[in-house]
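What follows is the residue order along each chain.
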Amino acid sequence: MTTPFSLLVKPVGATCNLACDYCFYLDKGALYPHGPAVMPNEVLERMVSSYLALPFSAHSITFQGGEPLLAGIDFFKRAADAVRRHARRNTRVHLSIQTNAMLMTQEMAAFLAGERWLVGVSVDGPAALHDRHRRSASGEGSHAAAMRGIGRLRDAGADFNALCLATTDSLGDPGAVYRYLRDEVGATWHQYSQRLGDVSTEEWDGFLCGILDAWTADGDAGRVFVRNIEDALVYVKTGLATQCIFGERCDGHVVVERNGDAYPCDFYVSEGSRLGNIMESGWEELRSAPNAVRRAVGKCPRHLSKIGSMRFYERCADL
């Protein structure tokens, strides 16, 4: 039987209400010029029922985009209902969504809070920094709308975290970015990633060290969860890989597009990396497809070589 994995689900594919200049997924829409606008009910039902039938002790489904909230609240209500109907006893199902929060209504925030979904919100920092890259197709910044959406999540009591992308514009003062997300956004869960092809390994190392400096200087251990720090601590202390960047293999999740097509990773969504379709193939077959096996063994050694040269991980080992 296949080893445990999580699902990254694209209910509207690459469709988005923003045109961020660093987005790697926008051009994926060209793969499905005539596909369904939103994942059909039959695909959603097959995906949830077959995935939750797998004998894992825990299952994880994350809805992403594009902008997943474009699917509408009724889609997510159907998803939650399908999970309730198909979840097996004595298993945990973790549901989450990653969004720019611009379409976050009070009704949606209340739904996410009531269903106990974790909400990841993309926030790159203060307005000037955030709006430099996260703009609409017409050039309008998105920070104000994102903060309104975050306010609705906070008012509803929803669990949310901040997803921050480091660009060359944010490298100069990582501590200020960290404290903005903590104090102004109100996020006690942070996750930082780098803009690929723009931020070098050395710059990324310096940025993470700056985040670590602010986190330790402010005494935030146990108060603010920074995934980069926590996962690094687990890895350097125990050798366990809680992110694919630490693993010797990279096969911890499967991407499901809105028509049911499956891919090994959202960085590898292309015709040449397609694994098959969940309406036609089982998970074991998809996970053993040649594309899946090739990606599983071919990606992470590059990450591990970078980790071995970064001060950030050395410093985490000393904590």
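As a starting point, this report considers the structure included with it. Please read these numbers as outputs of a predicted model, since none were measured by experiment.

1. Here's the deal with the overall build of the protein
From N to C terminus, the protein includes twelve helices and ten strands. Relative to the globule expectation of 20 Å for 319 residues, the C-alpha radius of gyration of the protein, 19 Å, shows essentially globular dimensions. Counting only C-alpha atoms, the protein reaches 50 × 40 × 40 Å along its principal axes. By the burial criterion, 50% of the 319 residues in the protein qualify as buried. Per element, the accessible surface of the protein, about 14300 Å² overall, is 50% carbon and sulfur. Between the mean site of the 34 positive side-chain charges and the mean site of the 38 negative ones, the protein shows a separation of 3 Å.

2. A look at the pattern of salt bridges
A full pass over the atoms with the stated rule returns 16 salt bridges. Where aspartate 81 meets arginine 85, a salt bridge forms, and the shortest distance between an N and an O atom there is 2.9 Å. Within this pair, aspartate 81 and its partner arginine 85 are both found in helix 2 (residues 73-86), separated by four residues, close to a single helical turn. The partner of aspartate 205 in a salt bridge is arginine 311, and the shortest N-O contact between them spans 3.9 Å. You can see aspartate 205 sitting in helix 7 (residues 201-217) and its partner arginine 311 sitting in helix 12 (residues 311-317), a full 106 residues away along the chain. Several salt bridges converge on common partners, so that one network encompasses Arg179, Arg182, Asp183, Asp218, Asp220 and Arg223.

3. Details of the nonpolar core
One finds Leu7, Met47, Phe76, Tyr192 and Trp283 to be the most contacted residues of the largest nonpolar core, which totals 81 residues. Looking at this core element by element, the count peaks at eight residues for helix 7. Apart from residues no more than four positions distant in its own chain, leucine 7 is found in contact with Met47, Tyr51, Ser60, Ile61, Thr62, Val254, Val256 and Trp283. Ala14, Tyr25, Tyr32 and Val255 belong to the second-largest nonpolar core, a separate cluster that totals seven residues.

4. Notes on the packing of aromatic side chains
Taken as a whole and assessed by the stated rule, the structure comprises 17 aromatic pairs. For the pair tyrosine 51 and tryptophan 283, a centre-to-centre distance of 6.2 Å together with 70° between the ring planes defines the contact as edge-to-face. Within this pair, whereas tyrosine 51 is found in helix 1 (residues 41-52), its partner tryptophan 283 is found in helix 9 (residues 283-287), the two being separated by 232 residues in sequence. Since its relative accessible area comes to 5%, tryptophan 283 is described here as buried. With a centroid separation of 5.5 Å and 90° between ring planes, the pair formed by phenylalanine 63 and phenylalanine 76 is classed as edge-to-face. Residue phenylalanine 63 is found in strand 2 (residues 58-63), and its partner phenylalanine 76 is found in helix 2; the two are separated by 13 residues along the sequence. Per residue, the accessibility class of phenylalanine 63 equals that of phenylalanine 76, and both read buried. Among the aromatic residues, those joined into a cluster by ring pairs are Phe63, Phe75, Phe76, Phe111 and Trp117. The side chain of lysine 10 reaches across the aromatic face of tyrosine 25, ending 4.0 Å from its centre.

5. Here's the deal with the environment of arginine 46
By the element assignment, arginine 46 lies in helix 1. The exposure class assigned to arginine 46 is partly exposed, which follows from its relative accessible area of 35%. A C-alpha to C-alpha distance of 27 Å links arginine 46 and leucine 103, two positions 57 residues apart in sequence. Ignoring any residue separated from it by four or fewer positions in sequence, one finds arginine 46 in contact with Ile278 and Met279.

6. Some points on unusual backbone geometry
The residue after glycine 65, namely glycine 66, is reached through a cis peptide bond having omega 5°. Here the phi dihedral of asparagine 90 falls at roughly 65°; this positive angle occurs in a residue that is not glycine. Within the chain, alanine 101 stands out as a residue other than glycine whose phi angle is a positive 70°. Tracing the sequence through the fold places alanine 101 in the loop between strand 3 (92-99) and helix 3 (106-115). For alanine 101, a relative accessible area of 0% corresponds to the buried category.

7. Digging into the pairing of strand 1 (residues 6-9)
Alternating residues of strand 1 divide into Ser6 and Leu8 and Leu7 and Val9, and every residue in both groups is buried. Direction of pairing for strand 1 relative to strand 8 (residues 253-256): parallel, over a ladder of four bridges. The residue of strand 8 that forms the bridge with serine 6 is histidine 253. Traced from strand 1 through helix 1 to strand 2, the parallel crossover comes out right-handed.

8. Focus on the side chain of threonine 62
Mapped onto the secondary structure, threonine 62 falls in strand 2. Residue class for threonine 62 comes out buried when judged on its relative accessible area of 8%. Not counting residues within four places of it along the chain, the set of residues in contact with threonine 62 comprises Leu7, Leu8, Val9, Ser96 and Gln98.

Definitions and cut-offs
Residues numbered from 1 in each chain as written. Predicted model: local features only at pLDDT ≥ 70, side-chain atom pairs only at ≥ 80, totals over all residues. Heavy atoms only, no water. Helix = DSSP H or I, 4+ residues; strand = E, 2+ residues; numbered from the N terminus. Rg over C-alpha atoms; globule rule 2.2 N^0.38 Å. Buried < 20%, exposed > 50% of the residue type's maximum accessible area, 1.4 Å probe, protein only. Areas by Shrake-Rupley, 256 points an atom, 1.4 Å probe, with all protein chains shown as cover. Lys, Arg positive; Asp, Glu negative; His and termini not counted. Charge placed at Lys NZ, Arg CZ, Asp CG, Glu CD. Salt bridge = Lys/Arg side-chain N within 4 Å of Asp/Glu carboxyl O. Core = buried A, V, L, I, M, F, W, Y, C linked by side-chain atoms within 4.5 Å. Contact = heavy atoms within 4.5 Å. Phe/Tyr/Trp six-rings, centres within 6.5 Å; stacked < 30°, edge-to-face > 60°. Lys NZ or Arg CZ within 6 Å of the ring centre and 35° of its normal. Pairing = 2+ DSSP bridges. Right-handed = clockwise from strand over helix to strand, strands pointing away.

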